[in-house]
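Overview (structure and organization)
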Amino acid sequence: MAQPPRIVTPSDLDAVALARLHELDPDGRHGVVYRVMTAFEGSLVRMMTQLDAQRAPDGHASVVSGVAHTLKSSSASVGALQLSTACAAVELALRERPEQELEPLIAQLMACSEAALMSVRAMLQA
Amino acid sequence: MTIPPHFAGDSLPEQPEVLLVDDDEVNLLLTSLALRDRGFAITEADSGEAALAMLRNWVPDIIVLDALMPGLNGFDTCRAARLLPGYENVPILMLTGLDDDASITRAYTAGATDFYVKSNQWSLLVGRLQYMLRASRTRIELERSKSKLARAQDLARMGSFDWRRAGGDGFFMSPEALRVFGFGPNDHVGLRVLLRMVPQDERRLLLRQLHEALRHASVLTTDVAIVLLDGRQRIIHIEAEPEFNEHGQSAGYSGIVQDVTDRRMAEDKIRQLANFDSLTGLPNRRQLLWRAERALEQARRMQHQFALLLIDLDRFKIINDTLGHGAGDELLVEVGRRLRACVRHSDQVMEGALESVGVRSHRALEAVGRLGGDEFVALLPEVSDDADAERVAQRILESVREPIFVSGQECFITASVGVAIYPRDGNSVVDLLRNSDVAMYSAKGQGKNSAAVYSPVLVGRGREKLELETALHKAIERDELVLHYQPKIDVRAASMVGAEALMRWQRGGVLVPPGDFIPLAEETGLIVPLSEWALREAARQASIWSQSFGFNDSIAVNLPSRLFERSDLIEHIHQCVTAVNVPHRVIQLEITEDNLMKELQNVIPALHRLNEIGVEISIDDFGTGYSSLAYLTTLPISELKIDRSFVRDLGITPQSAAVVTAIIALARSLGLRVVAEGVETLRQMEVLHRLGCGLMQGFLFSRAVPPEELVRWLEGTVLPRKANWITGASESVVEVERVVAGRPFR
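Here is a short report on the structure shown in this document. Note that the structure is predicted; figures quoted are calculated from it, not measured.

**So, the overall build of chain A**
On a plain count of helices and strands, chain A comes out with five helices and zero strands. Taken from the N to the C terminus, the helices and strands of chain A come in the order α-α-α-α-α. For chain A, the proportion of its 126 residues judged to be buried stands at 37%. Considering only contacts in chain A between residues 6 or more positions apart, those separated by 24 or more positions represent 56%.

Below you can see the structure in the form of structure tokens.
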């Protein structure tokens, strides 16, 4: 009988979210988790680059907002819950508290992104 | 409305087609995987622009749309999709973030069917999509059924309306209802406008009905005549039910209106066809019987008498046969019109209306109707005695007797009327009709053109007739029929030149005269076997006489026209004569003038064929019917027999001599023989002789006698030249020869 694939669960990715991902491909035949993580990695790198370019005071708020909105749900889907929370904070601030200093929130978002990227890469390499 | 093909069935499509639109490739991938895993067919688009491009060529079952996307966002994409043809009702699910209230509102405004907060609990999303698909299908079905209903209503010229008690203009009509009243779908029409379309009299009635219904919150069902704005008159059926609010109070009405004009006209037509004779417009048998039953009930309840008069036209068949059915119909219409004027005729009697008109309401039943053919009935719902009914009967006879112009010519017709009176002559309509029929036949029997009131004695006669008919059936097989022979005399030569065979019926020792059974035989069709027997018997007798005393003349047999119409007549005569070895010419056929003219067209071919085989034709009772002289010149006939009625009056009235003279002149110019019938006195013989007729029959010479007696008569009277007419004849001959100076007699 074939051994079921080993599931790697880095400590900073949410186990419940990952379990849901696995549910989509229980026997791993379709490599769903790998495909999703790969897509997320690519998306995250792209978003971080966009965000980095627009985080200056003269940057486009709409780009920041778009990045935060997109990453908010995709990061939740792969279990990067801290990143998702950071995205939600940025999105909320942009929508409802435009006077609030944004930079600390973006810095937090970037940090969480870095952490999530590392976790995802670790997972992909495993 | 576009109906996606998947929705043709009852259940959801096996693999619903989903267009999934999301700019985030992670979400797109995840959602797509999750939905595919649960049986959906997914087509992905990563932007609003890409999605709209796809929608131009293809209609998915459902669209799942991310709200926030760079470029064309979800809201704008949704709005643009809704504008594409066929996308008005395709379900669109908008994906939004949990904390995004503004997006939710915008989603609905943009035309999204529903929204869904993004989550990785895929079964929730699947459940939502399935719910939306089901709702969409139900909606489509609803739309279809709504449009079907509208179409059905339109076809049925029907529409619906609502009326609310509270709140301003609470009257609403569906486009179909507006159309019923001749308005366009966008016209605003209030109740007042509609009421004004109802003619004033009916409006008052309708308003009363409306108020009544409102007061009792009862169902309203009524038909109203209206006049449309273009002047057309229609009948509108209204059916409305009250509606109640949560407190049980009447809140208004909802119902339907339907244009029932055509149906009503058809119903009227059906009622007319069912109850009235299409030719004369008079009540038909069904309607008459219905009226008679009502009259009977009333007469029973109020203990009065009522009368049924059965009216049958005399000799109607002759008019129908000679002038054609068109003329016959014309005559019936005119007779119907006259009869109607003889009573207080009421055309319309509404069922149920009788009770409401009061105690004398049965008077409305009075009418003349047509039972069928030339038979009419007059119903007199109340008569005080026989005389009452007889007065009407006389009025009817007089009215029918007046000349009638039919097909441009004046016709004379008469009727026979039979009267039966409730309760004396019957306790049921059936009995009364039967007895009026008996009375009518009695009137016909007494010479027609008269009326007779029923009496039980007449039934006795009817019973006798029935017995006679049964006995007549058996007469041939029992050998009860005999032929008696009356000689035809050539007065000048004082010799017998032939004989006429006359049928007699020896019934239980009594000799029944032909007048008592020949009409019955004609009526029942027994005349055919009777006549065939007579031909056989006459041929046999000719053969016997030929052997016993050299009889070489012919025996005349009377035949009704229907025998001439039979294709086997020639063959039958042929068999009769060859069986006894006598020539065809021993049989002569007599047909009455009436009979001949009645069936002229049908009889002519037979006359020609008979003539060809040597059988001569003689016209009996000549002068009493309506001969077409034009026909006489072409018919293959050999002899005319002057009717006894003219002979009887010879020497008494000058007119008779004129008629006889005319007949003789006519016959002579046509080259026909003339025989005078019913010669009883020497005086008649002499006059006939003087007028130029030398061939005669009658009691003066001999009555019709059995064959053996005829032989004795010949031997005892003619040959020894012992009779008084023989001397008289010789004297007359001298005189006549002086008058007609050498012209030969035929």
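**Some thoughts on the sheet that holds strand S7 (residues 171-173) of chain B**
Within a beta sheet, neighbouring strands are joined by backbone hydrogen bonds and run either parallel or antiparallel to one another. All names here are of chain B. Spatially, the five strands line up as an open sheet ordered S7-S6-S10-S9-S8, and their pairing is antiparallel. Either end of the sheet is taken by a strand with one partner, and the two such strands are S7 and strand S8 (220-227). Within this sheet the neighbouring strands show an average axis-to-axis angle of 25°, counted without direction. As paired elements, strand S6 (residues 158-164) and strand S10 (residues 250-259) share seven bridges and run antiparallel to each other. Across the sheet, Trp163 pairs through a bridge with Tyr253, a residue of S10.

**Digging into the interface of chain B and chain A**
Listed by partner, the interface residues are 16 residues for chain B and 19 residues for chain A. When grouped by side-chain class, the residues that make up the side of chain B that touches chain A number seven nonpolar, three polar and six charged.

**A short note on the pairing of strand S12 (residues 367-372) of chain B**
Here is the key point about a regular strand: its side chains alternate between the two faces of the sheet. Residues and elements named next belong to chain B. Across the six residues of S12, five count as buried, placing the element largely inside the fold. When S12 meets strand S13 (residues 375-383), the two strands line up antiparallel, connected through five bridges. Bridge assignment links Gly372 to a residue of S13, and that residue is Glu375. Taking the residues between adjacent antiparallel strands as the criterion, S12 and S13 are bridged by two residues, where Gly373 takes a positive phi near 55°.

**Points about helix H14 (residues 429-445) of chain B**
Taking 1.5 Å as the rise per residue, H14(B) with 17 residues should run 24 Å; its terminal C-alpha atoms sit 24 Å apart, in good agreement. Residues of H14(B) that are buried: Val429(B), Leu432(B), Leu433(B), Asn435(B), Ser436(B), Val438(B), Ala439(B), Met440(B), Ser442(B) and Ala443(B).

**Let's talk about the sheet that holds strand S11 (residues 305-314) of chain B**
Residue and element names in this part refer to chain B. Read from one edge of the open sheet, five strands run S12-S13-S11-S16-S17, paired in mixed fashion. Where the open sheet ends on each side, the last strands, each with one partner, are S12 and strand S17 (451-453). The sheet shows a mean angle of 20° between the axes of neighbouring strands, direction not considered.

**Looking at unusual backbone geometry**
Residue and element names in this part refer to chain B. A cis amide bond links Tyr422 with the next residue in sequence, Pro423, at an omega value of 5°. Considering the arrangement of structural elements, one finds Pro423 in the loop between strand S16 (414-422) and H14. Look at Arg157: it is not a glycine, yet its phi comes out positive at around 50°. Mapped onto the fold, Arg157 is located in the loop between helix H5 (122-155) and S6. At Ser407, a position not held by glycine, the phi torsion is positive, near 50°. Position of Ser407 among the secondary structure elements: in the loop between strand S14 (404-406) and strand S15 (409-411).

Conventions and cut-offs
Residues numbered from 1 in each chain as written. Chains lettered and ligands numbered in written order. Predicted model: local features only at pLDDT ≥ 70, side-chain atom pairs only at ≥ 80, totals over all residues. Helix = DSSP H or I, 4+ residues; strand = E, 2+ residues; numbered from the N terminus. Buried ≥ 20, exposed ≤ 12 C-beta atoms within 10 Å, placed from the backbone. Contact = placed C-beta atoms within 7 Å. Pairing = 2+ DSSP bridges. Axes fitted to C-alpha atoms, helices over the stretch in contact; angles between N-to-C directions. Nonpolar A, V, L, I, M, F, W, Y, C, P; charged D, E, K, R; others polar. Expected span 1.5 Å × (residues − 1).

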